[in-house]
Structure formats: structure tokens, C-alpha cells
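Take a look at the letters that make up each chain.
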Amino acid sequence: MELEQSSNSDEDPAPFFPWDLLPFDLQGSILSLLPVSTLARCQSVSRSWRSTIRSPAFLSSFRRNPDDLYLIPFTDNVSPAAYHPSRDRWLTLGLPPSFVFAIASDGGLLLALDDHSRLAVFDLFSGATLARLPDMASVLQPYVVALIDEFPSAHYKIVAVSTGDRVYSQVFDSRSGRWEIKGQFPGQFAVLGNAVFLDGLLFVLSEGPDHLLTFDPVGGDWNLVDMAMPPVVCSHILDSEDRLFLVGGVEDVGCIARVGIWELDLPKKEWRLICFMPDGFFRIFGGRRLEHFWTVARMGIVCFYNTRDTTVLMFDLPARRWWWPLPCPAIPRRRRFWFGHAIEPRMDLLKGSNGRNGMFSLKIDSFNPKIWLSAGL
């Protein structure tokens, strides 16, 4: 017997299940797959969604999402260019009026000098100036090596060091609102470079000589990781999936011949080579002669920047994928200067802190691409 098919079968609505009948933990599991930038808008769908998204259980279990990531490799000294890897799109980023010079970043926070030459912490997504910092302890010209966004809480720490006959360190904690002298290390280094916070420790690269150090920002303990460093230049450390990696250029006859990536095997105290930049990409990225490059990375997404001709190359470390981003139309090559930071929305946007309603709008002008980030929809 043949079954009759409804003439309007194409118009029948798809089966659905009422959201409110789903168990609370299942609602949270589904919503946790979304980036913060989407969740901020989802709060306006219903009271139930807002209640779920703002619940302490959901906020405490939420994991960072690569779709929230914006890398900011360069600027024209007015509006930095932000690259959204998941959409392969360039935008220019509106900065707070008092912003002058970026020093460190983590999460959605940027530590910078303001127009009064004071250190200030900005939340670029809410547009708020979270704090203007008091002066550091006067210990041999201190400088900042790291900003630590204590995700998912609203707090952060800033680590500053002084280098000379030994390393002196001090930590600013947003809970207390003050700097505290914490720890010293009996080693002479020309400078301490970029740093990565991983498993409760701050891993820091040193230059002159080249070493890997660790610092506990709570206890103030410094340690030297006793292992040989790869003989590279333009070195940069980054984390991905709770592992530490090193990027660097291998020199040959006075110029960089290859760019490699190594993974730290801490139990064996060695760097294990993961890969080199493929020859086809390297020939284009390096041009006739590669003497220096910069790197900015977050969540395993790496942006390489050739300082000579401002070429940009992207690498997805977990996926082992290299690609050329679309050209940036907002800032011509001749006006590009290194900026080198990455940002992602903080959980504050979902909680409505700082007197805001916990939501932001992202508007893009296709003729003059620009991000305007503001509270509300």
C-alpha cells in the first residue's frame, strides 16, 4: 500500500523541543559551545537564557573560545588593525581617548600608558578604563613583563621586573589595588622578554643570556628551567592546549633561513621540534632577505609579521594549518607600525559589571572597516 505524501510537506515546520523543558545542565552545555561575543547577545532572547548564562555554575565552567579571538599585529599610530581569524576579516579598533602606548595584554584587557604617562588598564570590549595604577616601587627602573587576566574571575595581576645584578620583581593585584615586592633571582640578564601564564606559573624568556625562567606571582619564587634553548633569534613563547611552545628564526650567514616551532617537554627538559614554516610560505613571507620578524599569538593561533615589508602570515597550531589572511584595506603598508597584542571578550560582559548591562554591540562599516564596541544592543 502506498503512503500518501502531504502536498505541503516542504512547508511543515521542523520538529522542535521547548528549550525550557531541557535540563538546566544540558542548557548550559549547549550554550557553553558559543563564544562570549554571541552569548552577550543571547541574553536578550529570554529571561531563561539570561539566567542560565549569568549563573555562577555556567560562568565558572565556561571555556575560552577561539571564535572570540582578535589578533592586533599592527597600527597606524591612531587605529590598530584587528584580525578576526575565524572569519578571516580585518577591522580597525577604536581605542579609549586616553590611550597612548600598549605594553601588555591578556584576555580583553590592555595595559598601556595613558595621556598622563601613567599605567592604566583598559577593557577594550566594554570601553572602560578599569584602573589607573599607582606608581611602582622604585627598584632599578622596573618594567612590565606580563598582564595576567584571572579568567573567569574579574581580577588580574601585573608583573614587573628590574634587571641588573639580579632580577627583582613586584606584582600588582587588582584585589588590593597596590604593588607588592615579591621575590628576586640571582641572575644577570640584559632583559626579560615575553611571558606566558600557564598552570599557575609565569614562564618568561630572558635575553643576554637566553634562558627560560618561571615565576610564581603568588609566592614570589623564581626558578631557572635547566635546559638548553634552541639557537634561534626573534624568539617568542606561546601556549596552546595547556602546552608551551617556542617560535624562533634559525640564522644562516647573517639572515634568517628558516622559522621553526618547538614544544616544551618539561619532564625531559628539552624543546622538541614540531615543524618549520613550509618553504613555499617562507619564500613569500621572507622575501629577498628576512632579518627580523615579530610574533603575536593566543590560543594556538599565531600571527607572523615581517617588519621590513609588513607581510602577515597566519598559523593554526592545533590544526597545523598555514594561510595568508585577506589583505588589510584599513591601513596601507607604508603606514603600518608593530602593535603586537591579542584580545578576547571577558566574562564581565555577561555579568554586567562596572554598571553596564553585560552586553556589547559589534558594528562593521564595509567601506571603512571599524569596530565600535559599546554597552548594549
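Above this note sits the structure.
Report on the accompanying structure. This is a predicted model, so every value here is computed, not measured.

**Quick word on the overall build of the protein**
Then step 1. A count of helical and extended segments in the protein gives 6 helices and 26 strands.
Then step 2. Relative to its 377 residues, the protein shows a buried fraction of 50%.
Then step 3. Put simply, 47% of the contacts in the protein that link residues at least 6 apart link residues at least 24 apart.
Then step 4. Accessible surface for the protein amounts to roughly 18900 Å². Of this, 52% is attributable to carbon and sulfur atoms.

**Looking at the packing of aromatic side chains**
Then step 1. Counting across every chain of the model gives 19 aromatic pairs.
Then step 2. Following the ring pairs from residue to residue traces out a cluster consisting of Phe281, Phe285, Phe293, Phe304, Phe315, Trp322 and Trp324.
Then step 3. Above the ring of phenylalanine 276, the side-chain terminus of arginine 258 is found at 3.8 Å from the ring centroid.
Then step 4. Taking the ring centre of tryptophan 323 as reference, the NZ or CZ of arginine 321 above it sits at 4.0 Å.

**Observations regarding the layout of surface pockets**
Then step 1. Here the second largest pocket defines a volume of roughly 160 Å³.
Then step 2. Lining the second largest pocket are Trp90, Thr310, Thr311, Val312, Trp324, Pro325, Leu326, Pro327, Cys328, Arg333 and Arg336.
Then step 3. Considering only residue class, the lining of the second largest pocket consists of 7 nonpolar, 2 polar and 2 charged.

**A few points about the sheet that holds strand β20 (residues 293-298)**
Then step 1. Strand order in this open sheet of 4 strands is β20-β21-β22-β23, and the pairing throughout is antiparallel. Strands with a single pairing partner mark the edges of an open sheet, and in this sheet they are β20 and β23 (321-323). Taking each pair of neighbouring strands and ignoring which way they run, the sheet shows an average axis angle of 20°.
Then step 2. Most of the contacts of helix α5 (residues 279-286) go to strand β21 (residues 301-306), to which it runs at about 45°, and overall it touches β20, β21, β22 (312-316) and β23.

**Observations regarding the pairing of strand β6 (residues 119-123)**
Then step 1. Extensive coverage of β6 is indicated by the burial of 5 of its 5 residues.
Then step 2. Neither face of β6 is open: one carries Leu119, Val121 and Asp123, the other Ala120 and Phe122, and all of them are buried.
Then step 3. The pairing of strand β5 (residues 109-114) with β6 spans 5 bridges and is classified as antiparallel. Each bridged residue has a counterpart across the sheet, and for leucine 111 the counterpart in β6 is valine 121.

**Considerations on helix α3 (residues 47-54)**
Then step 1. Among the residues making up α3, those that are buried are Trp49, Thr52 and Ile53. Seen end-on, α3 carries its buried residues on one side only, within an arc spanning 95°.

**What about the side chain of aspartate 173?**
Then step 1. Its location among the elements puts aspartate 173 in strand β10 (residues 167-173).
Then step 2. A polar atom in the side chain of aspartate 173 sits 2.9 Å from the backbone nitrogen of arginine 175.
Then step 3. Those residues in contact with aspartate 173 that sit more than four places away from it in its chain are Tyr156, Lys157 and Arg178.

**Examining unusual backbone geometry**
Then step 1. Omega for the peptide link from glycine 208 to proline 209 comes to 5°, which places this bond in the cis form.
Then step 2. Within the secondary structure, proline 209 is located in the loop between β13 (201-207) and β14 (211-215).
Then step 3. Backbone geometry places aspartate 88, a non-glycine residue, at a positive phi of 50°.
Then step 4. Looking at where aspartate 88 falls in the secondary structure, it is placed in the loop between β2 (81-84) and β3 (89-93).
Then step 5. For arginine 320, which is not glycine, the phi torsion reads 55° and is therefore positive.
Then step 6. With respect to the helices and strands, arginine 320 occurs in the loop between β22 and β23.
Then step 7. Accessibility expressed as a relative area gives 42% for arginine 320, which makes it partly exposed.

Conventions we followed
Residues numbered from 1 in each chain as written. Predicted model: local features only at pLDDT ≥ 70, side-chain atom pairs only at ≥ 80, totals over all residues. Heavy atoms only, no water. Helix = DSSP H or I, 4+ residues; strand = E, 2+ residues; numbered from the N terminus. Buried < 20%, exposed > 50% of the residue type's maximum accessible area, 1.4 Å probe, protein only. Contact = heavy atoms within 4.5 Å. Areas by Shrake-Rupley, 256 points an atom, 1.4 Å probe, with all protein chains shown as cover. Phe/Tyr/Trp six-rings, centres within 6.5 Å; stacked < 30°, edge-to-face > 60°. Lys NZ or Arg CZ within 6 Å of the ring centre and 35° of its normal. 1 Å grid on protein atoms, 1.4 Å probe; cavity = no way out; pocket = protein on both sides within 12 Å on 5 of 7 lines; lining within 4 Å. Points joined across faces, edges and corners; volume = space filled by probe spheres on them. Nonpolar A, V, L, I, M, F, W, Y, C, P; charged D, E, K, R; others polar. Pairing = 2+ DSSP bridges. Axes fitted to C-alpha atoms, helices over the stretch in contact; angles between N-to-C directions. Arc of directions from axis to C-beta. Polar contact = N/O pair within 3.5 Å; in protein donor to acceptor, adjacent residues only side chain to side chain.

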